[in-house]
Amino acid sequence: NAGVTQTPKFQVLKTGQSMTLQCAQDMNHNSMYWYRQDPGMGLRLIYYSASEGTTDKGEVPNGYNVSRLNKREFSLRLESAAPSQTSVYFCASRLAGGPGDIQYFGAGTRLSVL
Amino acid sequence: QKEVEQDPGPLSVPEGAIVSLNCTYSNSAFQYFMWYRQYSRKGPELLMYTYSSGNKEDGRFTAQVDKSSKYISLFIRDSQPSDSATYLCAMSFGSSNTGKLIFGQGTTLQVKP
């Protein structure tokens, strides 16, 4: 069972470089989310897509863009990476109308910006 | 003030101990309450979920919600070294179609053999 798959698992960038983090889910979920996790800060929502064709800002959207490519895929783009974007990034998905608002997470992408 | 507060620990207990993890929240509109477990260098995984005040039990784990006090707890009985992880509480409003979760900071638990 693949669930939520994130690529790459690790990445090192230089300041100013750009990259796209990929996320795909095979659970036919409607909603998808991007979080970053920093020590002592818990999970902070960057962007989300409540349904295919829609995207909205979360708590910390500055410096990021997203694309909901189709129902399965939701990508996160860093146009000009900064050291402050060094973090662990998690993608999650949710079945709208399912029990509670349970989200299922990928294994994460560890990003270092030098 | 954060909407959801969680003591980050770290918390260290001997094997077999009863562990109590807690979160407080400020917004009485929260409807769903979840506990996620996150092992080192892994993604969070759902441990328990509840939507009402009271207790919910699953094996060695009990989730407790007190909406009047805006307080939730996770109890782990007979703790094992395999329970060593970070535990994150999460809450949602339920009535919104966005499904956004608000997370606590996470509590790191170490269970020593």
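**Considering the overall build of chain A**
Step number 1: Along its length, chain A carries zero helices and eleven strands.
Step number 2: Going from N to C terminus, chain A has its helices and strands arranged as β-β-β-β-β-β-β-β-β-β-β.
Step number 3: Computed over the C-alpha atoms, the radius of gyration of chain A is 13 Å, within 12% of the 13 Å expected from 2.2 N^0.38 for a compact globule of 114 residues.
Step number 4: Principal-axis analysis of the C-alpha atoms places the extent of chain A at approximately 40 × 30 × 25 Å.
Step number 5: Among the 114 residues that make up chain A, the fraction classed as buried is 49%.
Step number 6: In chain A, of all internal contacts separated by at least 6 residues, the share reaching a separation of at least 24 is 55%.

**Comments concerning the packing of aromatic side chains**
Step number 1: Summed over the entire model, instances satisfying the criterion amount to twelve aromatic pairs over all chains.
Step number 2: Geometrically, the ring pair formed by Tyr64 of chain A and Tyr89 of chain A is edge-to-face, given 5.9 Å between the ring centres and 65° between the ring planes. With a gap of 25 residues between them, Tyr64 of chain A in strand β7 (residues 64-68) and Tyr89 of chain A in strand β9 (residues 87-94) connect regions that are remote in the sequence.
Step number 3: Arranged with centres 4.7 Å apart and planes meeting at 20°, the rings of Phe30 of chain B and Phe93 of chain B form a pair that is stacked. Of the two residues, Phe30 of chain B is situated in the loop between β3 (19-25) and β4 (32-38) and Phe93 of chain B in the loop between β9 (85-92) and β10 (102-103); the sequence distance between them amounts to 63 residues.
Step number 4: Relative accessible area serves as the criterion here: at 29%, Phe93 of chain B is assigned to the partly exposed category.

**A word on the pattern of salt bridges**
Step number 1: Following the criterion strictly, the structure yields seven salt bridges over all chains and no others.
Step number 2: Where Arg77 of chain A meets Glu79 of chain A, a salt bridge forms, and the shortest distance between an N and an O atom there is 3.1 Å.
Step number 3: Here Arg77 of chain B makes a salt bridge to Glu57 of chain B, at a shortest N to O gap of 3.5 Å. Residue Arg77 of chain B is found in the loop between β8 (71-76) and β9, and its partner Glu57 of chain B is found in strand β6 (residues 54-58); the two are separated by 20 residues along the sequence.
Step number 4: Overall, Arg77 of chain B belongs to the partly exposed group, its relative accessible area being 30%.

**So, the pairing of strand β5 (residues 42-49) of chain A**
Residues and elements named next belong to chain A.
Step number 1: With respect to burial, β5 is a largely interior element, eight of its eight residues being buried.
Step number 2: Across seven bridges, the pairing between strand β4 (residues 31-38) and β5 is antiparallel. Within β5, the position partnered with Tyr35 by the bridge is Leu45.
Step number 3: Here β5 runs beside strand β6 (residues 56-57); their pairing, made up of two bridges, is antiparallel. Bridge pairing in β6 links Tyr47 to Lys57.
Step number 4: Hairpin connection from β5 to β6: six residues lie between these consecutive antiparallel strands, with Gly53 at a positive phi of about 95°.

**What about the state of the cysteines?**
Residue and element names in this part refer to chain A.
Step number 1: Summed over all chains, the structure comprises two disulfides over all chains.
Step number 2: Covalent S-S linkage joins Cys23 and Cys91, the inter-sulfur distance amounting to 1.9 Å. Between Cys23 and Cys91, the S-S dihedral sits near -75°, and the bridge is therefore left-handed. One end of the pair, Cys23, is in strand β3 (residues 19-25); the other, Cys91, is in strand β9, with 68 residues separating them in the sequence.
Step number 3: Residue classification places Cys23 among the buried residues on the basis of a relative accessible area of 2%.

**A word on the sheet that holds strand β1 (residues 4-6) of chain B**
Residue and element names in this part refer to chain B.
Step number 1: Spatially, the five strands line up as an open sheet ordered β1-β3-β8-β7-β6, and their pairing is antiparallel. Of all strands in the sheet, those bounded by a partner on one side alone are β1 and β6. Across the sheet, the mean angle separating the axes of adjacent strands is 15° when strand polarity is ignored.
Step number 2: The pairing of β6 with strand β7 (residues 61-66) spans five bridges and is classified as antiparallel. Across the sheet, residue Glu57 finds its bridge partner in β7, namely Thr62.

Cut-offs and rules
- Residues numbered from 1 in each chain as written.
- Chains lettered and ligands numbered in written order.
- Predicted model: local features only at pLDDT ≥ 70, side-chain atom pairs only at ≥ 80, totals over all residues.
- Heavy atoms only, no water.
- Helix = DSSP H or I, 4+ residues; strand = E, 2+ residues; numbered from the N terminus.
- Rg over C-alpha atoms; globule rule 2.2 N^0.38 Å.
- Buried < 20%, exposed > 50% of the residue type's maximum accessible area, 1.4 Å probe, protein only.
- Contact = heavy atoms within 4.5 Å.
- Phe/Tyr/Trp six-rings, centres within 6.5 Å; stacked < 30°, edge-to-face > 60°.
- Salt bridge = Lys/Arg side-chain N within 4 Å of Asp/Glu carboxyl O.
- Pairing = 2+ DSSP bridges.
- Disulfide = S-S within 2.5 Å.
- Axes fitted to C-alpha atoms, helices over the stretch in contact; angles between N-to-C directions.

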